[in-house]
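# Architecture at a glance
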Amino acid sequence: MYKLLTATLAMLFCTSLSASKKGREFVRAHRPPTHIVTLANHIFADKQVYRAMRRSDGAALQELGFTVITAKDNVIMEHKQLPGFIIKFGNRFAGLYSTIARVRMAEKIDRYIQRKNLTAVHVPKKYLYHIPHRRHKLKDQNYLVFSQKMPIQPRGEPRIISKQAIEETCRVINRFAIVDASPGNFGIMDEGNVAIVDTESTIRTGGGLWYILDNPLTRFVQSVVGTYKFRTSVSKS
Ligand SMILES: Nc1ncnc2c1ncn2[C@@H]1O[C@H](COP(=O)(O)OP(=O)(O)O)[C@@H](O)[C@H]1O
Ligand SMILES: [Mg+2]
């Protein structure tokens, strides 16, 4: 009995060690370039910024120098001292892993695009930025996504998508089971190409460390959770 208990505890300990090690590796591998981190540290050292993001307070963020694109549950914004990036903060699943999912999925989709030689669909490169004065634990409240800003045409204007881009985008949507395939999540670029800007809501998202660990058990859990998410989102719409 004792042996079983000790073995179980040892296993749990090793799993959590391996999870936090993988988490640290993940953060390191997705860190923005150093000069960007330096610039960002000046902006995000101000605790008021964090408080405003946490409250999804768009007006306060504007006053603090941001250009806010949306501030509902997630906060999506830009800052003139960080040109070329869209900044994303996740309040929606407070404490969970939508931020990490965005980074992870963008990377996976990009690999797929390269492997299949798709040329008319693009995904922005996404970095994970640790917010100064927050803990290092891999959770949404501690990190931001810096997403490479894509040259997409403004909404509301007539836009033409190439047939090839439609076909390739559909392949990505199907492959990754992108649950929220609504227009705001896809930008139209010049030449009728498509940029998949929102990589958060995919069936193969799973949750943070579970996701990163990526073994057969986590894949199984993800598929069950994913199917559940898919069903709920379909039945809602
Ligand atoms: N990488 C990007 N390049 C250009 N515009 C972007 C990018 N990411 C987001 N946006 C703009 O911000 C809007 C909201 O971003 P999105 O990631 O869809 O946020 P949410 O998860 O809250 O839906 C998009 O509709 C798009 O207009
Ligand atoms: Mg979106």
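A brief look at the structure comes next. (Residues numbered from 1 in each chain as written. Chains lettered and ligands numbered in written order. Predicted model: local features only at pLDDT ≥ 70, side-chain atom pairs only at ≥ 80, totals over all residues.)

### Notes on the overall build of the protein
Looking only at helices and strands, the protein features 8 helices and 8 strands. Evaluated residue by residue, the protein yields a buried proportion of 29% over its 237 residues. Counting contacts in the protein only where the partners sit at least 6 residues apart, residues at least 24 apart contribute 59% of the total. (Helix = DSSP H or I, 4+ residues; strand = E, 2+ residues; numbered from the N terminus. Buried ≥ 20, exposed ≤ 12 C-beta atoms within 10 Å, placed from the backbone. Contact = placed C-beta atoms within 7 Å.)

### Considering the sheet that holds strand 7 (residues 186-188)
Hydrogen bonding along the main chain pairs the strands of a sheet, whether they run parallel or antiparallel. Strand order across the open sheet formed by 3 strands is 4-8-7, with mixed pairing between neighbours. Each of the sheet's edge strands pairs with one partner strand only, and the pair in question is strand 4 (121-122) and strand 7. In terms of strand pairing, strand 7 meets strand 8 (residues 194-196) through 3 bridges, oriented antiparallel. Considered in strand 8, the bridge of F186 is made with I196. (Pairing = 2+ DSSP bridges.)

### As for the sheet that holds strand 6 (residues 143-148)
Taken in spatial order, the 5 strands of this open sheet run 1-2-3-6-5, and their pairing is antiparallel. Of all the strands in the sheet, just strand 1 (66-71) and strand 5 (126-130) have a single pairing partner and so form its edges. Neighbour-to-neighbour, the strand axes of the sheet open up by a mean angle of 25 degrees, direction not taken into account. Across 3 bridges, strand 2 (residues 75-79) lies against strand 3 (residues 85-89) in antiparallel orientation. (Axes fitted to C-alpha atoms, helices over the stretch in contact; angles between N-to-C directions.)

### Focus on the site of ligand 1
Neighbouring residues of ligand 1: 17 residues in total, closest N74, M150, G184, V197 and D198. Only strand 1 and strand 6 provide two or more residues apiece to the shell around ligand 1. Taken together, the residues of the shell around ligand 1 break down into 7 nonpolar, 7 polar and 3 charged. (Near = placed C-beta within 6 Å. Nonpolar A, V, L, I, M, F, W, Y, C, P; charged D, E, K, R; others polar.)

### Section: the pairing of strand 3
Where burial is concerned, most of strand 3 is hidden: 4 out of the 5 residues are buried. The turn linking strand 2 back onto strand 3 is made up of 5 residues, and G84 within it adopts a positive phi angle of 90 degrees. By the bridge criterion, 4 bridges tie strand 3 to strand 6 in an arrangement that is antiparallel. Counted as the bridge partner of F85 is Q148 from strand 6.

### Overview of the packing of helix 5 (residues 98-115) against helix 6 (residues 163-176)
Geometry of a packed helix pair, given as the angle between the helix axes and the separation of the axes. At a minimum axis distance of 11 Å, the contact between helix 5 and helix 6 shows a crossing angle of 125 degrees. By the criterion of interaxial angle, the relationship of helix 5 to helix 6 is oblique. For the pair helix 5 and helix 6, the crossing hand works out as right-handed. Contacts between helix 5 and helix 6 pair M105, I109 and Y112 from the former with V172, R175 and F176 from the latter. Per-class residue counts for the contact of helix 5 with helix 6 are 5 nonpolar, no polar and 1 charged. (Parallel < 35°, antiparallel > 145°, perpendicular 65-115°, else oblique. Left-handed = near helix turned anticlockwise from the far one by under 90°.)

### Looking at the nonpolar core
Judged by nonpolar contacts, the single largest core of 37 residues is most densely connected at L61, L128, Y129, L144, F146, V194 and I196. Per-element accounting of this core gives the leading share, 6 residues, to helix 5. L128 has contacts with V27, H30, R31, I100, V103, Y143 and V145, leaving out every residue within four places of it along the chain. (Core = buried A, V, L, I, M, F, W, Y, C linked by C-beta atoms within 7 Å.)

### Examining the environment of D180
Tracing the backbone shows D180 in the loop between helix 6 and strand 7. According to the C-beta neighbour criterion, D180 is exposed, with 12 such atoms within 10 Å.

Without other data, these values stay purely geometric and don't point to any function.
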